[in-house]
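Descriptive structure summary
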Amino acid sequence: MTVILDSVEDFNLTNLRRVAWQGQPVRFGPAALARMKKSRADFLHMVDTVPGLHIYGVTTGFGDNAAKLLNAEERQTMAKHPSFIQSVAVGPEMPPRIVRAMIMTRLLNYVSGYAAVSLETAQAVADMLDGRPLPVVRRWAQDSEGELHQFFNLYHHLMGEMSQVRDQNALRNGSGCSAGILGDMALRTRRRVQLATRVFALSIDVGHMGTQPYDPALKSVLIDPFEHEAIDLLNRDLADLSGDDRREYQSPISWRILTRVLGHLLHSLSRLEWAADITLTQVNDNPVYLGPDAAPPYGRCITTGGFHVPQAYQMVNWMKAAWADVAAIAARQVALLHNGEVSRLPHRLMIQKNGRRGSTFFFSTTAYDMARRIQDEAAPATIPLYVGHDTQTDTIFPLFQAWESENSVSRYVDLLLAMLAATASQGLAAANSEPAPSLRAFVEDVRRHFPPVDGSRDMGGDIDKLADAFGAAVMGGSDAFGLPKLD
């Protein structure tokens, strides 16, 4: 199928998933084409009619040359000047879905009409999503003045002889990548949070913990709607829990505060989704063109500050910090499930079978290492103190620093959740018991990748496999673990 982009409302999480995750192409709708044609014609008329206009990157030079006013011949020469760099970044390549997301969200300014870009260049960018090989965008050293490094990576091949007046500015200015990266993270995080709550529900069940902290009756006491949502998600799997041999006294704090910690995780997710919705529909070009209807008689260009999108990295910072708290709780539960005095399970979850013994006890140490790594990566990304390459571009936008650390956090979270799920599965096997009916399919999925341990084996490798399976389910590539497969 093809995603039709006809207005800014078509830039949403659903369409982003279709284009970035599922590889669907895009096409400009009739209203978008009419809007772009009119905006382009009005803009060129303004440039040709109004003398002495200072329009950055159009009637003036770039960077420190912004003070120089260009004549018509100089404008054409600058418009067709080839890109002098392609890439300065190093390291592994960005995943194709991220590259596609960044290309799609660059089109927002074009469809809106505020970029006044030529139809030929707009179509050339849209065509990059038709299945042809994608540009290589590397992960490290990408943070720059706005998103210049990313844009040179993505669009250097369009900057040159085929460029027309205004086009190069509409390719390399603004912050078109932020919305794609933020939207991708919002899509992933919603599904990862659902997975996490299911793992914690299994931990509650297997550890014989009391269910009072998750009682739906608490909704009348707790006013935070995100804590209500946490209660609902936990009770999705706890509703048919057996009350036999379950704690009647207080559970350890790491279980007792799950409603509050998961509520904050959901609150952070909500803010992330809010920021994604805003950035997906917010014009981010610099400058933007307002047509004659908005600014008679010829329209005008306004410098926007579109280089910088604070919510793009600050929401990532907040999300990472929320996962760091969840990680500490998960690691503590891994350790305590192995303590029979706490969990009422066989001590160290030892299984003896056919003269062999097996246990997941050493996950108690490994889980803490994962939690420490998550907390290390949770350090916030902020504006660096070093500056750009001239007096115009003097502030760096830390988007890719935030994305890189969030990417690491996501993997460590999957590994830690895999350890907690594997530990709970081991506890069931050691006690020769079954989970709650609503969790049985989940345990079966876990055991396909991490069977109960009854002897010596590469448990770390199996945890990697389970974490890989968690990641695939989060990305919609399977219907395992209670997460529906995305068509």
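Heads up: the structure comes first, above all this text.
Residues numbered from 1 in each chain as written. Predicted model: local features only at pLDDT ≥ 70, side-chain atom pairs only at ≥ 80, totals over all residues. Heavy atoms only, no water.

1. Describing the pattern of salt bridges
- A complete count under the given rule lists 26 salt bridges for this structure.
- Residue D237 is joined to R236 by a salt bridge in which the shortest nitrogen-to-oxygen separation is 3.2 Å.
- Between R372 and D369 there is a salt bridge; the shortest N-O distance is 3.1 Å. Pair noted here: R372 and D369 are both in helix α14 (residues 363-377), with a separation of 3 residues, about one helical turn.
- For R372, a relative accessible area of 39% corresponds to the partly exposed category. (Salt bridge = Lys/Arg side-chain N within 4 Å of Asp/Glu carboxyl O. Helix = DSSP H or I, 4+ residues; strand = E, 2+ residues; numbered from the N terminus. Buried < 20%, exposed > 50% of the residue type's maximum accessible area, 1.4 Å probe, protein only.)

2. Examining the nonpolar core
- In this structure, L107, Y110, Y155, F470 and F481 are the most contacted members of the largest nonpolar core, which totals 140 residues.
- Element by element, the count of residues in this core is highest for helix α15 (residues 399-431), at 17 residues.
- Every residue in contact with F481, bar those within four places of it in the chain, is listed here: L195, R198, F442, D445, V446, H449, L466, A469, F470 and A473. (Core = buried A, V, L, I, M, F, W, Y, C linked by side-chain atoms within 4.5 Å. Contact = heavy atoms within 4.5 Å.)

3. Re the side chain of S251
- Along the chain, S251 turns up in the loop between α9 (225-238) and α10 (253-256).
- Judged by relative accessible area, S251 falls into the buried class, the value being 5%.
- Those residues in contact with S251 that lie beyond four places of it in its chain are M209, G210 and R256.

4. As for the packing of aromatic side chains
- Tallying each qualifying case throughout the model produces 7 aromatic pairs.
- For the ring pair F361 and F362, a centre distance of 5.6 Å and an interplane angle of 65° mean the geometry is edge-to-face.
- According to the relative accessible area criterion, F361 is partly exposed, its value standing at 24%.
- F362 sits in the exposed class, given a relative accessible area of 62%.
- Residue placement shows R348 over the ring face of F361; its charged tip is 4.0 Å from the ring centre.
- Taking the ring centre of F450 as reference, the NZ or CZ of R457 above it sits at 4.7 Å. (Phe/Tyr/Trp six-rings, centres within 6.5 Å; stacked < 30°, edge-to-face > 60°. Lys NZ or Arg CZ within 6 Å of the ring centre and 35° of its normal.)

5. Section: the side chain of Q168
- Topologically, Q168 is positioned in helix α7 (residues 167-172).
- Looking at Q168, the relative accessible area reads 4%, which means it is buried.
- Excluding residues within four positions of it along the chain, Q168 makes contact with F62, M78, A79, K80, H81, M159, G160 and S163.

These results come straight from atomic positions and should not be treated as a statement about function.
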